[in-house]
Amino acid sequence: ENNVAVQPNGTVALTFTVPKEYNVNKTLVLYVPTEGTPEIIRSQVNEDGTITAFTDHFSTYVLVETVETVKMPDTVRVIGGKAFKHFKNLKEVKFSSNLEIINISAFLGCESLTTLHLPKSLKKIEAWAFGNIEVEDIYFDGSIIEFEKIDISVIVCHHFYNEIYDSPLNIP
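Conventions adopted
Residues numbered from 1 in each chain as written. Predicted model: local features only at pLDDT ≥ 70, side-chain atom pairs only at ≥ 80, totals over all residues. Heavy atoms only, no water. Helix = DSSP H or I, 4+ residues; strand = E, 2+ residues; numbered from the N terminus. Buried < 20%, exposed > 50% of the residue type's maximum accessible area, 1.4 Å probe, protein only. Contact = heavy atoms within 4.5 Å. Areas by Shrake-Rupley, 256 points an atom, 1.4 Å probe, with all protein chains shown as cover. Core = buried A, V, L, I, M, F, W, Y, C linked by side-chain atoms within 4.5 Å. Pairing = 2+ DSSP bridges. pLDDT = per-residue confidence, 0-100. Salt bridge = Lys/Arg side-chain N within 4 Å of Asp/Glu carboxyl O. Axes fitted to C-alpha atoms, helices over the stretch in contact; angles between N-to-C directions.

Peer 1: How would you summarise the overall build of the protein chain if you had to cite specific residues and measurements?
Peer 2: Looking only at helices and strands, the protein chain has two helices and 15 strands in total. A buried classification covers 39% of the 172 residues belonging to the protein chain. For the protein chain, restricting intrachain contacts to residue pairs at least 6 apart in sequence, the fraction spanning at least 24 positions comes to 50%. Total accessible area computed for the protein chain in this model is approximately 10000 Å², and 48% of it derives from carbon and sulfur atoms.

Written out as C-alpha coordinates, the structure is:
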(Lines give C-alpha, C1' and ligand atoms only; values in the text may rest on other atoms or scores of the structure.)
Protein backbone atom coordinates (compact mmCIF):
# COMPACT_ATOMS: atom_id res chain seq x y z
CA GLU A 1 0.00 0.00 0.00
CA ASN A 2 2.86 2.40 0.77
CA ASN A 3 5.06 1.15 -2.10
CA VAL A 4 7.59 -0.31 0.30
CA ALA A 5 9.94 -2.92 -1.14
CA VAL A 6 9.91 -6.15 0.85
CA GLN A 7 12.68 -8.76 0.69
CA PRO A 8 12.92 -12.09 2.52
CA ASN A 9 15.16 -12.55 5.52
CA GLY A 10 17.05 -15.63 4.29
CA THR A 11 16.45 -18.13 1.50
CA VAL A 12 12.99 -18.63 0.03
CA ALA A 13 11.70 -21.30 -2.32
CA LEU A 14 9.73 -20.15 -5.36
CA THR A 15 7.79 -22.81 -7.29
CA PHE A 16 7.00 -22.35 -10.99
CA THR A 17 4.66 -24.23 -13.30
CA VAL A 18 6.59 -25.28 -16.40
CA PRO A 19 4.86 -24.65 -19.75
CA LYS A 20 3.76 -27.96 -21.27
CA GLU A 21 5.80 -27.35 -24.46
CA TYR A 22 9.03 -27.25 -22.37
CA ASN A 23 11.08 -30.28 -21.40
CA VAL A 24 11.16 -29.86 -17.61
CA ASN A 25 14.54 -31.60 -17.39
CA LYS A 26 16.10 -29.01 -19.74
CA THR A 27 14.50 -25.98 -18.09
CA LEU A 28 16.43 -23.42 -16.06
CA VAL A 29 15.30 -20.54 -13.86
CA LEU A 30 17.01 -17.22 -14.59
CA TYR A 31 17.14 -14.19 -12.33
CA VAL A 32 16.72 -11.10 -14.51
CA PRO A 33 18.22 -7.98 -12.90
CA THR A 34 16.99 -4.55 -13.97
CA GLU A 35 20.50 -3.91 -15.27
CA GLY A 36 23.11 -6.47 -16.17
CA THR A 37 23.08 -10.05 -17.34
CA PRO A 38 20.55 -12.71 -16.33
CA GLU A 39 21.92 -15.39 -14.00
CA ILE A 40 20.91 -19.01 -13.54
CA ILE A 41 19.75 -19.68 -10.02
CA ARG A 42 19.75 -22.96 -8.12
CA SER A 43 16.60 -24.96 -8.76
CA GLN A 44 15.19 -28.47 -8.69
CA VAL A 45 12.59 -30.38 -10.67
CA ASN A 46 9.72 -31.61 -8.51
CA GLU A 47 7.79 -34.89 -8.91
CA ASP A 48 4.68 -32.98 -10.02
CA GLY A 49 6.59 -31.40 -12.97
CA THR A 50 7.04 -27.98 -11.37
CA ILE A 51 10.40 -26.34 -10.69
CA THR A 52 11.40 -24.85 -7.36
CA ALA A 53 14.07 -22.16 -7.34
CA PHE A 54 15.92 -21.00 -4.25
CA THR A 55 16.79 -17.34 -3.79
CA ASP A 56 17.38 -14.70 -1.15
CA HIS A 57 15.46 -11.91 -2.89
CA PHE A 58 12.28 -11.24 -4.81
CA SER A 59 12.75 -10.03 -8.36
CA THR A 60 11.96 -10.98 -11.94
CA TYR A 61 12.55 -14.61 -12.91
CA VAL A 62 12.06 -16.43 -16.19
CA LEU A 63 12.05 -20.06 -17.24
CA VAL A 64 14.20 -20.98 -20.22
CA GLU A 65 14.54 -24.28 -21.96
CA THR A 66 18.19 -25.02 -22.61
CA VAL A 67 19.36 -25.83 -26.08
CA GLU A 68 22.13 -27.91 -27.63
CA THR A 69 23.16 -25.48 -30.37
CA VAL A 70 23.22 -21.68 -30.47
CA LYS A 71 23.60 -19.72 -33.70
CA MET A 72 23.98 -16.03 -33.01
CA PRO A 73 22.77 -13.35 -35.42
CA ASP A 74 25.44 -11.12 -36.96
CA THR A 75 24.21 -8.16 -34.92
CA VAL A 76 25.81 -9.61 -31.75
CA ARG A 77 29.15 -7.90 -31.00
CA VAL A 78 29.55 -8.68 -27.29
CA ILE A 79 28.47 -11.69 -25.21
CA GLY A 80 27.77 -10.60 -21.65
CA GLY A 81 29.35 -12.13 -18.59
CA LYS A 82 27.66 -15.36 -17.46
CA ALA A 83 25.28 -15.19 -20.45
CA PHE A 84 25.26 -18.98 -20.94
CA LYS A 85 26.81 -20.02 -17.63
CA HIS A 86 25.96 -23.63 -16.72
CA PHE A 87 23.87 -24.33 -19.82
CA LYS A 88 24.82 -27.97 -19.36
CA ASN A 89 23.18 -29.24 -22.58
CA LEU A 90 24.88 -26.71 -24.86
CA LYS A 91 27.12 -28.62 -27.30
CA GLU A 92 27.92 -26.16 -30.08
CA VAL A 93 28.06 -22.39 -30.54
CA LYS A 94 28.19 -20.59 -33.90
CA PHE A 95 29.11 -17.03 -33.07
CA SER A 96 28.12 -13.84 -34.88
CA SER A 97 30.50 -12.96 -37.71
CA ASN A 98 30.81 -9.53 -36.02
CA LEU A 99 31.54 -10.78 -32.50
CA GLU A 100 34.37 -8.87 -30.81
CA ILE A 101 34.28 -9.76 -27.10
CA ILE A 102 33.30 -12.81 -25.06
CA ASN A 103 32.99 -11.57 -21.47
CA ILE A 104 33.91 -13.20 -18.18
CA SER A 105 32.36 -16.60 -17.43
CA ALA A 106 30.09 -16.38 -20.49
CA PHE A 107 30.17 -20.17 -21.03
CA LEU A 108 31.51 -21.28 -17.66
CA GLY A 109 30.39 -24.80 -16.77
CA CYS A 110 28.87 -25.60 -20.16
CA GLU A 111 30.18 -29.13 -19.74
CA SER A 112 28.70 -30.47 -23.00
CA LEU A 113 30.21 -27.68 -25.10
CA THR A 114 32.72 -29.37 -27.38
CA THR A 115 32.65 -27.35 -30.61
CA LEU A 116 33.32 -23.64 -31.13
CA HIS A 117 33.10 -21.62 -34.35
CA LEU A 118 35.09 -18.44 -33.64
CA PRO A 119 34.83 -15.51 -36.08
CA LYS A 120 37.85 -13.58 -37.31
CA SER A 121 36.29 -10.42 -35.86
CA LEU A 122 36.98 -11.72 -32.32
CA LYS A 123 39.33 -9.46 -30.36
CA LYS A 124 39.05 -10.59 -26.75
CA ILE A 125 38.11 -13.65 -24.68
CA GLU A 126 37.86 -12.71 -21.00
CA ALA A 127 38.64 -14.72 -17.88
CA TRP A 128 36.80 -18.01 -17.43
CA ALA A 129 34.77 -17.37 -20.59
CA PHE A 130 35.10 -21.09 -21.35
CA GLY A 131 36.02 -22.30 -17.87
CA ASN A 132 35.43 -25.95 -16.93
CA ILE A 133 34.71 -27.23 -20.42
CA GLU A 134 36.44 -29.75 -22.67
CA VAL A 135 36.73 -28.35 -26.19
CA GLU A 136 37.20 -30.95 -28.94
CA ASP A 137 37.02 -28.77 -32.07
CA ILE A 138 37.73 -25.09 -32.55
CA TYR A 139 36.95 -23.52 -35.91
CA PHE A 140 38.37 -20.08 -36.70
CA ASP A 141 37.33 -18.05 -39.75
CA GLY A 142 40.62 -16.18 -40.10
CA SER A 143 44.31 -16.90 -40.42
CA ILE A 144 46.61 -18.20 -37.70
CA ILE A 145 48.14 -14.70 -37.54
CA GLU A 146 44.68 -13.19 -36.87
CA PHE A 147 43.98 -15.89 -34.30
CA GLU A 148 47.16 -15.10 -32.39
CA LYS A 149 46.07 -11.44 -32.09
CA ILE A 150 43.04 -12.37 -29.97
CA ASP A 151 43.52 -11.22 -26.37
CA ILE A 152 42.90 -14.46 -24.45
CA SER A 153 42.97 -14.28 -20.67
CA VAL A 154 45.47 -16.98 -19.74
CA ILE A 155 45.57 -16.50 -15.98
CA VAL A 156 42.09 -17.78 -15.12
CA CYS A 157 41.15 -19.24 -18.48
CA HIS A 158 44.16 -21.55 -18.73
CA HIS A 159 42.10 -24.70 -19.39
CA PHE A 160 40.57 -23.19 -22.53
CA TYR A 161 43.94 -21.70 -23.53
CA ASN A 162 45.55 -25.14 -23.25
CA GLU A 163 42.69 -26.71 -25.20
CA ILE A 164 43.36 -24.31 -28.07
CA TYR A 165 46.87 -25.66 -28.43
CA ASP A 166 45.96 -29.30 -27.66
CA SER A 167 42.86 -29.39 -29.90
CA PRO A 168 42.80 -29.23 -33.65
CA LEU A 169 42.40 -25.60 -34.69
CA ASN A 170 40.51 -25.62 -37.96
CA ILE A 171 41.33 -22.64 -40.17
CA PRO A 172 39.89 -22.52 -43.71
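After presenting the structure, the write-up continues.
Peer 1: I'd like to hear about the nonpolar core, residue by residue, with values.
Peer 2: Within the largest apolar cluster, 28 residues are counted, with the highest numbers of intra-cluster contacts made by Phe95, Ile102, Phe107 and Phe130. Every element with two or more residues in this core is listed here: strand 11 (115-118) and strand 13 (137-140). Beyond its immediate stretch of four places on either side in the chain, Ile102 contacts Ile79, Phe95, Phe107, Leu122, Lys124, Ile125, Glu126, Ala129 and Phe130.

Peer 1: An account of the environment of Lys82 is needed here, citing residue identities and associated values.
Peer 2: Mapping Lys82 onto the fold places it in the loop between strand 8 (78-79) and strand 9 (92-94). Judged by relative accessible area, Lys82 falls into the partly exposed class, the value being 33%. Taking the C-alpha atoms as reference points, Lys82 and Ala129, 47 residues apart in sequence, are found 8.0 Å from one another.

Peer 1: Give me the lowdown on the environment of Phe107, citing residues and values where you can.
Peer 2: Position of Phe107 relative to the elements: it lies in the loop between strand 10 (101-102) and strand 11. When the C-alpha positions of Phe107 and Gly81 are compared, they lie 8.4 Å apart, and in sequence the two are 26 residues distant. Those residues within four positions of Phe107 in sequence are excluded, and the remaining contacts are Met72, Ile79, Phe84, Leu90, Val93, Phe95, Ile102, Leu113, Ala129, Phe130, Gly131 and Ile133.

Peer 1: Kindly report on the pairing of strand 2 (residues 27-32), identifying the contributing residues and their values.
Peer 2: With five of six residues buried, strand 2 is to be regarded as a mostly interior element. Of the pairings in the sheet, the one linking strand 2 to strand 6 (residues 60-65) comprises six bridges and is antiparallel in character. Residue pairing in the sheet places Thr27 in a bridge with Glu65 of strand 6. Across two bridges, the pairing between strand 2 and strand 3 (residues 39-40) is antiparallel. Among the inter-strand pairings, Leu30 is bridged to a residue of strand 3, identified as Ile40.

Peer 1: Tell me about the sheet that holds strand 8, and name the residues and values.
Peer 2: In space, the four strands of this open sheet follow the order 8-10-12-14, with parallel pairing throughout. Only two strands of the sheet have a single neighbouring strand rather than two, namely strand 8 and strand 14 (151-152).

Peer 1: Outline the confidence of the model for the protein chain, listing residues and values.
Peer 2: Across the protein chain, the average pLDDT comes to 80, with 84% of residues at or above 70. Under a pLDDT of 50 for its full length, residues 155-159 has, in the predicted model, nine contacts with residues more than four places off or in other chains.

Peer 1: Which residues make up the pattern of salt bridges, and what are the values?
Peer 2: For the structure shown, the criterion picks out four salt bridges. A salt bridge links Glu68 to Lys26, with the shortest nitrogen-to-oxygen separation between them at 3.7 Å. Of this pair, Glu68 sits in the loop between strand 6 and strand 7 (69-71) while Lys26 sits in the loop between strand 1 (12-16) and strand 2, and the two are 42 residues apart along the sequence. For Lys26, a relative accessible area of 28% corresponds to the partly exposed category.

Peer 1: Give me the sheet that holds strand 5 (residues 51-55): which residues, what numbers.
Peer 2: With respect to topology, three strands assemble into an open sheet ordered 1-5-4, the strand pairing being antiparallel. Every interior strand has two partners, whereas the edge strands, strand 1 and strand 4 (43-45), have only one. Across the sheet, the mean angle separating the axes of adjacent strands is 20 degrees when strand polarity is ignored. Strand direction decides the pairing type here: strand 4 and strand 5, joined by three bridges, are antiparallel. Paired with Gln44 across the two strands is Thr52, which belongs to strand 5.

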